[in-house]
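Residue-level listing of the chains:
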Amino acid sequence: MANIWTSWVRDHYLGLYPWTWIQFESADLPGPFPFFGGVDPEVAASLQEAHHLMQSAIDTAISDVFAHRGPLDDPERRRRLEDAYAELVQSRPHLRAHIRCGRRPDGTFQWEYPLDPGKSATMTHLGLRGFNAATQQVFPFRFNGASASAIGKFLGLLDGTHTVADLQTAVENSGPGNAGDITRLLENLKAYDCLSVSQRSSIRAHWIASTQDRDVIHLGHAALLYRQQEQFFLFDPWLMPWFAEMPVPSLWGSLLPRPAAIFLTHDHDDHVDPRTLLTLPKDIPVIVPSRKNRRKLYYDYPALLRELGFTRVIELAHGETFPFEGGCVASVPFFGEDPCDIEMPRNCYLIADRGRNTLVHVDSGPTNAGRSALTEGVIDDLVKRYGPISTLFASQQQLQELRTYAVHACLSPPGQWLEVGENGFLTNSYLAQLATAAKARLFVSYATGGADWYPDHLSFMFSRRNPARTALLTANWERPEALQDKLAPVGCGYHYTRALDIFRATPDSGTTVVSTGEQLFPLTLYRLDHGNPPFMKKR
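Scoring rules and cut-offs
- Residues numbered from 1 in each chain as written.
- Predicted model: local features only at pLDDT ≥ 70, side-chain atom pairs only at ≥ 80, totals over all residues.
- Heavy atoms only, no water.
- Disulfide = S-S within 2.5 Å.
- Buried < 20%, exposed > 50% of the residue type's maximum accessible area, 1.4 Å probe, protein only.
- Helix = DSSP H or I, 4+ residues; strand = E, 2+ residues; numbered from the N terminus.
- Contact = heavy atoms within 4.5 Å.
- Phe/Tyr/Trp six-rings, centres within 6.5 Å; stacked < 30°, edge-to-face > 60°.
- Lys NZ or Arg CZ within 6 Å of the ring centre and 35° of its normal.
- Pairing = 2+ DSSP bridges.
- Axes fitted to C-alpha atoms, helices over the stretch in contact; angles between N-to-C directions.
- Core = buried A, V, L, I, M, F, W, Y, C linked by side-chain atoms within 4.5 Å.
- Salt bridge = Lys/Arg side-chain N within 4 Å of Asp/Glu carboxyl O.
- Left-handed = near helix turned anticlockwise from the far one by under 90°.
- Nonpolar A, V, L, I, M, F, W, Y, C, P; charged D, E, K, R; others polar.
- Parallel < 35°, antiparallel > 145°, perpendicular 65-115°, else oblique.
- Expected span 1.5 Å × (residues − 1).

**Q** Sorry if this is basic, but what is going on with the state of the cysteines here?
**A** Two cysteines form a disulfide when their sulfur atoms are joined by a covalent bond. A full pass over the atoms with the stated rule returns zero disulfides. For Cys 101, which is in no disulfide, the shortest distance to another cysteine sulfur is to Cys 410 and amounts to 13 Å. Looking at Cys 101, the relative accessible area reads 8%, which means it is buried. For Cys 410, a relative accessible area of 1% corresponds to the buried category.

**Q** Just checking my understanding: could you explain the side chain of His 125 for this structure?
**A** Counting through the fold element by element, His 125 comes out in strand 7 (residues 125-132). The exposure class assigned to His 125 is buried, which follows from its relative accessible area of 6%. Those residues in contact with His 125 that lie beyond four places of it in its chain are Phe 24, Glu 25, Ser 26, Phe 143, Gly 145, Ala 148 and Glu 307.

**Q** Can you help me understand the packing of aromatic side chains in this one?
**A** For any pair of aromatic rings, geometry is given as the distance between the ring centres together with the angle between the planes. Using the criterion set out here, one finds 29 aromatic pairs in the structure. On the numbers, 6.1 Å between centres and 5° between planes, the contact of Phe 443 with Tyr 494 is stacked. Of this pair, Phe 443 sits in strand 25 (residues 442-445) while Tyr 494 sits in strand 26 (residues 493-496); the two residues are 51 residues apart in sequence, bridging distant segments of the chain. An aromatic cluster is defined as three or more aromatic residues linked by ring pairs; in this entry it consists of Tyr 17, Trp 19, Trp 242, Phe 243, Tyr 526 and Phe 535. For the cation-ring pair, Lys 282 lies above Phe 310, with the distance from its terminal atom to the ring centre recorded as 5.3 Å.

**Q** Got a minute to help me understand the sheet that holds strand 20 (residues 347-353) in this structure?
**A** To summarise the sheet geometry, strands pair through backbone hydrogen bonds and adopt either a parallel or an antiparallel arrangement. Spatially, 18-19-20-21-22-25-26 is the arrangement adopted by the seven strands of the open sheet, whose pairing is mixed. Where the open sheet ends on each side, the last strands, each with one partner, are strand 18 (321-324) and strand 26. Each strand axis lies, on average, 15° off the axis of its neighbour in the sheet, ignoring direction. When strand 22 (residues 391-394) meets strand 25, the two strands line up parallel, connected through four bridges. The residue of strand 25 that forms the bridge with Leu 392 is Phe 443. Across the face of the sheet, helix 10 (residues 378-386) comes into contact with strand 18, strand 19 (327-333), strand 20 and strand 21 (356-362) while running at roughly 165° to strand 19. Across the sheet, helix 11 (residues 428-438) lies against strand 21, strand 22 and strand 25, angled at about 150° from strand 22, the strand it touches most.

**Q** I would appreciate a short explanation of the sheet that holds strand 28 (residues 511-515) in the present structure.
**A** The sheet built from eight strands is open, its strands ordered 17-15-14-13-12-11-27-28 with mixed pairing. Because the sheet does not close on itself, it has two edges, and the strands there are strand 17 (313-316) and strand 28. Strand-to-strand twist in this sheet, taken as the mean axis angle between neighbours without regard to direction, amounts to 25°. Looking at chain direction, strand 12 (residues 223-228) and strand 13 (residues 231-235) are connected through five bridges and run antiparallel. If you follow Tyr 226 over to strand 13, its bridge partner there is Phe 233.

**Q** Whenever I open this one, the pairing of strand 5 (residues 109-112) confuses me. Can you help?
**A** Within a regular beta strand, the side chains point alternately toward one face of the sheet and then the other, so they alternate between its two faces. Where strand 4 (residues 100-103) lies against strand 5, four bridges are found, and the strand directions are antiparallel. What sits directly across from Arg 103, in strand 5, is Phe 109. Here strand 4 folds back onto strand 5, and the loop between the two strands holds five residues, one of which, Gly 107, carries a positive phi near 95°.

**Q** How do you make sense of unusual backbone geometry when you look at a structure like this?
**A** Note: most residues except glycine have negative phi, and most peptide bonds are trans. The phi dihedral of Arg 214 is positive, around 75°, even though this residue is not glycine. In this structure, Arg 214 sits in the loop between helix 7 (203-210) and strand 11 (216-220). With relative accessibility at 23%, the residue Arg 214 sits in the partly exposed group. Here the phi dihedral of Ser 509 falls at roughly 70°; this positive angle occurs in a residue that is not glycine. The topology assignment puts Ser 509 in the loop between strand 27 (501-505) and strand 28. Relative accessible area serves as the criterion here: at 47%, Ser 509 is assigned to the partly exposed category.

**Q** Sorry if this is basic, but what is going on with the nonpolar core here?
**A** Where a protein is soluble and globular, its nonpolar side chains tend to be buried together. By size, the foremost hydrophobic cluster in this structure holds 83 residues, and its most contacted members are Leu 128, Ile 151, Leu 189, Trp 207 and Leu 219. Of all hydrophobic cores here, the second largest spans 55 residues; its members include Ile 287, Phe 335, Val 383 and Leu 434.

**Q** Please clarify how the pattern of salt bridges should be interpreted in this entry.
**A** Should the charged atoms of two oppositely charged side chains come close, the side chains can pair. In total, this model carries 28 salt bridges according to the counting rule given. Here Lys 292 ties to Glu 320 by a salt bridge, and the two come within 3.6 Å at their closest N and O atoms. Of this pair, Lys 292 sits in the loop between strand 15 (286-289) and strand 16 (298-299) while Glu 320 sits in the loop between strand 17 and strand 18, and the two are 28 residues apart along the sequence. Lys 292 sits in the exposed class, given a relative accessible area of 65%. On the basis of relative accessible area, Glu 320 is assigned to the partly exposed category, the value being 29%. With a closest N to O distance of 3.5 Å, Asp 508 and Arg 441 form a salt bridge. With Asp 508 in the loop between strand 27 and strand 28 and Arg 441 in the loop between helix 11 and strand 25, the pair connects residues that are 67 residues apart, well separated along the chain. Put simply, Arg 78, Glu 82, Asp 83, Arg 103 and Glu 419 are held in one network by salt bridges that share partners.

**Q** Teacher, can you tell me more about the packing of helix 1 (residues 41-66) against helix 2 (residues 77-90) here?
**A** How two helices sit against one another is set out by the angle between their axes and by the gap between those axes. Contact pair helix 1 / helix 2: the axes reach a minimum separation of 10 Å and the direction vectors enclose 145°. Regarding helix 1 and helix 2, the two cross each other, and that crossing is right-handed. Where helix 1 abuts helix 2, its residues Leu 47, Ala 50, Leu 53, Met 54, Ile 58 and Val 65 lie against Arg 77, Leu 81, Ala 84, Tyr 85 and Leu 88. Looking at the contact of helix 1 with helix 2 residue by residue, the class counts come to 10 nonpolar, no polar and one charged.

**Q** For this particular structure, what's the right way to read the packing of helix 10 against helix 11?
**A** At a minimum axis separation of 9 Å, helix 10 and helix 11 run at an interaxial angle of 25°. By the criterion of interaxial angle, the relationship of helix 10 to helix 11 is roughly parallel. As for how helix 10 packs across helix 11, the hand of that crossing is right-handed. Side by side, helix 10 and helix 11 meet where Ile 379, Asp 380 and Val 383 of the first sit next to Leu 434, Ala 437 and Ala 438 of the second. Its residues assigned to classes, the contact of helix 10 with helix 11 comprises five nonpolar, no polar and one charged.

**Q** Mind showing me how you'd approach helix 2 here?
**A** Side chains three or four residues apart in an α-helix point the same way, a direct result of the helix having 3.6 residues per turn. Compared with the 20 Å implied by 1.5 Å per residue over 14 residues, the 20 Å span of helix 2 between its first and last C-alpha is a close match. On the buried face of helix 2, the contacting elements are helix 1, helix 3 (93-96), strand 4 and strand 5.

Have a look at this one:
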């Protein structure tokens, strides 16, 4: 086969089209909780199976309430549920080997399973699947399992900022066991028209020209880009390849400036997205919640990120900081959004930059027990240490659900499955108190979509194109915009943000919202180095 490197001019820049993306695939079916730590995966599988086998009976109990056959507040329902669970477990030896449960002589219910802090449900990737949304083509690709991280590292180089010569050198230096796999992958990407070539790479310069120092740019949903002097920090990047979900160009990794660091807040898929992370540079630090803050269970960020090719994973415990010239990013405790009360370690982040503070509060809020950043004095401590918080980014979700329908339901005591647990239940009253304690000048409502390229079938995702569906989902919510009236008396503004809003410092230590027009639109960014997309030229 001809040398693929002769296909391109050596000083031209090579990258992936923003309408192509890649997903790793495991040789084995993942367990119920991939990269979930603190318990043996076999134990987690037994817990999941027991919950699954109980689900039909649980649905019947719920139907009885809606059909008015049973009372909403049935004092015996919890006991019946626990006894049925114990009966199920006792009837299956493989479940009984992992779960201890039953009614004690004093009438209390025993339910426990063994913990193992050293175990997690890691995955080994032996292949990938590539997608070209413009041509609607998909191709599978298998590789040596040891090559996964090397391939992930190489994919992070295909952001359009590296020349053909640089990429060839990177492949040659990846090691003999990896170079062959990466070269074959490159041949597949070329065959399926996934690679773009340009004479220049101007994305970073354009972002620098379009933003100012200490700007915060909303990229959609919970993704934020913070400019710190001449570098950028990226928070919770859940980005979309073009046409992956909706027929509009979207922000994708190759359209962003290279971040100096990535900060991940918590383990939900809309905040830790492997598809997005796979496209980002792998030699930059990724800051994640620390296992030091776990109660029992944790999300195994290091294992996931190593598999994707990252080489610098930093676990930041609450109170610790990631320093930079002129300030730091501090790890702040994250409460709530945990209907099973398993209290996995999660972080909010405070950006303290030369006297100006920004709090990335995300989906944090009160727990079932009433603990929060307010009751635990977290916000008061931040203000005392760093000063008032200029801009507060927080979700306004008011979602509640029965625990049995939560992802981690099987890890919660079975007697609580029909109780309501919060999943981002953030009232206007709580958020107003939060902003008051933070002495915030602007409250920014985010992490509910905010861009037309996100999927509209998720219960926390709202869009201007689906007002009827949004009205259905939020029929019993407090009106989010009513928070504005609660904030006004303390001098705090309110803004419901959409993608590419820019939050800029004002001379009086406040924040103003700036629009860049079409400067940072995905299609504008693509055209900088490539002109019109090929499919537009054909039209």
